[in-house]
Amino acid sequence: MYNITQIRFSAVSQNENYARAVIAAFASQLNPTLEELSDIRTAVSEAVTNAIIHGYEQNPDAFVRMDCTLDHGLLTVTVHDDGCGISDIELARKPFYTTKPELERSGMGFAVMEAFMDRVTVESAPHKGTTVTMEKRIGHAG
Amino acid sequence: MELNAQKRGTRLHVALSGELDHHSADKARIMLDTLLHDVTVRELTLDLSGLTFMDSAGLGVVLGRYKTVHMRGGRMIVTGVSASIDRIFRMSGIYTLVERQ
Ligand SMILES: Nc1ncnc2c1ncn2[C@@H]1O[C@H](COP(=O)(O)OP(=O)(O)O)[C@@H](O)[C@H]1O
Ligand SMILES: [Mg+2]
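What you see is a predicted model, and the numbers here were worked out from it, not measured in a lab. (Residues numbered from 1 in each chain as written. Chains lettered and ligands numbered in written order. Predicted model: local features only at pLDDT ≥ 70, side-chain atom pairs only at ≥ 80, totals over all residues. Heavy atoms only, no water.)

Draft legend 1. Structural view of the sheet that holds strand β5 (residues 99-100) of chain B. Residues and elements named next belong to chain B. Here 5 strands make up an open sheet; going across it, the order is β1-β2-β3-β4-β5 and the pairing mixed. Only two strands of the sheet have a single partner each, and these edge strands are β1 (2-8) and β5. Pairing geometry for strand β4 (residues 75-79) and β5, over 2 bridges, is parallel. Among the inter-strand pairings, Ile-77 is bridged to a residue of β5, identified as Glu-99. (Pairing = 2+ DSSP bridges. Helix = DSSP H or I, 4+ residues; strand = E, 2+ residues; numbered from the N terminus.)

In structure tokens, the structure reads:
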């Protein structure tokens, strides 16, 4: 099976829940286990939240894009923002690293994405936005 | 995000339900901190069995409340931890600070 969906939404925190609902419905076509579905929702929630709060600092006039692709059991999700970007990606991906400790961020977002998905790649540069691509192979899908 | 609290002596038991993400974290934080204004609380138990979703934003909420309780010499316990939440908790090393029951 090959299938693509793309959504674009305002960078407001209400849409974290919306993005999770979309990816859950889309991934359901692959008959994932409840655990796989939970992993995907959690990883997507982390990436989308980062775009909203770090990339854009919450701005209803700015847009987050989420591209989802299914290709024979492989789910690929790309979360993209045109926000502030990341100057040191390697540092940003380190567990417990956060630039917003005052918001009680734990700095575990990237670590969670890496643990819950098979592959996570990050493309970013200051003022050039951020693109996070996550892949997960869904076990018993054709 | 809903919250149900019961106090017995110096023990505060709070059951969280619904989704705990960045969006709902503010509400959870404000409600928990209001409950913790009661300085007689020495033990805080967070029952997470009613949560249908939690990501690292929830971890931030739990760690933040741990700091408050720890500063006054109290302790903190989490119960009803799902497999997914347990993975996030283990990754963060939070079990060295907060007991799981
Ligand atoms: N989309 C993004 N745009 C800009 N900066 C980002 C983005 N995503 C992550 N970051 C940076 O990487 C850091 C680590 O992210 P993460 O591991 O999710 O932790 P947290 O969100 O708790 O800070 C963030 O504090 C931020 O500085
Ligand atoms: Mg994050």
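Draft legend 2. Examining helix α2 (residues 34-55) of chain A more closely. Residues and elements named next belong to chain A. For α2, spanning 22 residues, the distance from its first C-alpha to its last is 30 Å, which sits close to the expected 32 Å at 1.5 Å a residue. Among the 22 residues that make up α2, 18 are buried, leaving the element largely enclosed by the rest of the structure. Immediately downstream of α2, the backbone of Glu-57 shows phi near 50 degrees, a positive value. (Expected span 1.5 Å × (residues − 1). Buried < 20%, exposed > 50% of the residue type's maximum accessible area, 1.4 Å probe, protein only.)

Draft legend 3. Up close: the sheet that holds strand β5 (residues 130-137) of chain A. Residues and elements named next belong to chain A. Pairing is antiparallel in the open sheet, where 5 strands are placed in the order β1-β2-β3-β5-β4. Looking at strand neighbours, the two that pair on one side only are β1 (2-11) and β4 (119-124), the edges of this open sheet. Averaged over neighbouring strand pairs, the angle between their axes works out to 15 degrees when direction is ignored. Across 6 bridges, the pairing between β4 and β5 is antiparallel. Looking at β5, one finds that Thr-121 is bridged to Thr-133. (Axes fitted to C-alpha atoms, helices over the stretch in contact; angles between N-to-C directions.)

Draft legend 4. Region of the structure containing the packing of α2(A) against helix α3 (residues 83-92) of chain B. Two elements in contact, α2(A) and α3(B), have axes separated by 10 Å at closest approach and are oriented at 50 degrees. By the angle between their axes, α2(A) is oblique relative to α3(B). The hand of the α2(A)/α3(B) crossing is right-handed. Only B:Ser84, B:Arg87 and B:Ile88 of α3(B) make contact with α2(A), whose side of the interface consists of A:Glu35, A:Ser38, A:Asp39 and A:Thr42. Of the residues that constitute the contact of α2(A) with α3(B), the class distribution is 1 nonpolar, 3 polar and 3 charged. (Parallel < 35°, antiparallel > 145°, perpendicular 65-115°, else oblique. Left-handed = near helix turned anticlockwise from the far one by under 90°. Contact = heavy atoms within 4.5 Å. Nonpolar A, V, L, I, M, F, W, Y, C, P; charged D, E, K, R; others polar.)

Draft legend 5. Broad picture of the site of ligand 1. All names here are of chain A. As a structural note, the neighbourhood of ligand 1 is formed by 19 residues, with Asn-50, His-54, Thr-98, Thr-99 and Gly-107 the closest of them. The separation between a nitrogen atom of ligand 1 and a polar main-chain atom of Gly-55 is 3.4 Å. In this structure, an oxygen atom belonging to ligand 1 sits 3.1 Å away from a main-chain N or O atom of Gly-109. Taken by itself ligand 1 offers 540 Å² of open surface, and the protein chains cover 96% of this. The set of elements that each furnish at least two residues to the shell around ligand 1 consists of α2 and α4 (109-116). Considering every element that reaches the shell around ligand 1, the biggest residue donor is α2, with 4 residues. (Near = heavy atom within 4 Å. Polar contact = N/O pair within 3.5 Å; in protein donor to acceptor, adjacent residues only side chain to side chain. Areas by Shrake-Rupley, 256 points an atom, 1.4 Å probe, with all protein chains shown as cover.)

Draft legend 6. Looking closely at the packing of helix α1 (residues 22-36) of chain B against helix α2 (residues 56-71) of chain B. Residues and elements named next belong to chain B. Running from N to C, α1 and α2 point in directions that differ by 15 degrees, and their axes come no closer than 9 Å. What the angle tells us is that α1 and α2 run roughly parallel. Considering how the two elements wind past one another, α1 and α2 form a crossing that is right-handed. For the pair α1 and α2, contact is made by His-22, Ala-25, Ala-28, Arg-29, Leu-32, Asp-33 and Leu-36 and by Ala-57, Val-61, Arg-65, Thr-68 and Val-69, respectively. Broken down by class, the residue content of the contact of α1 with α2 amounts to 7 nonpolar, 2 polar and 3 charged.

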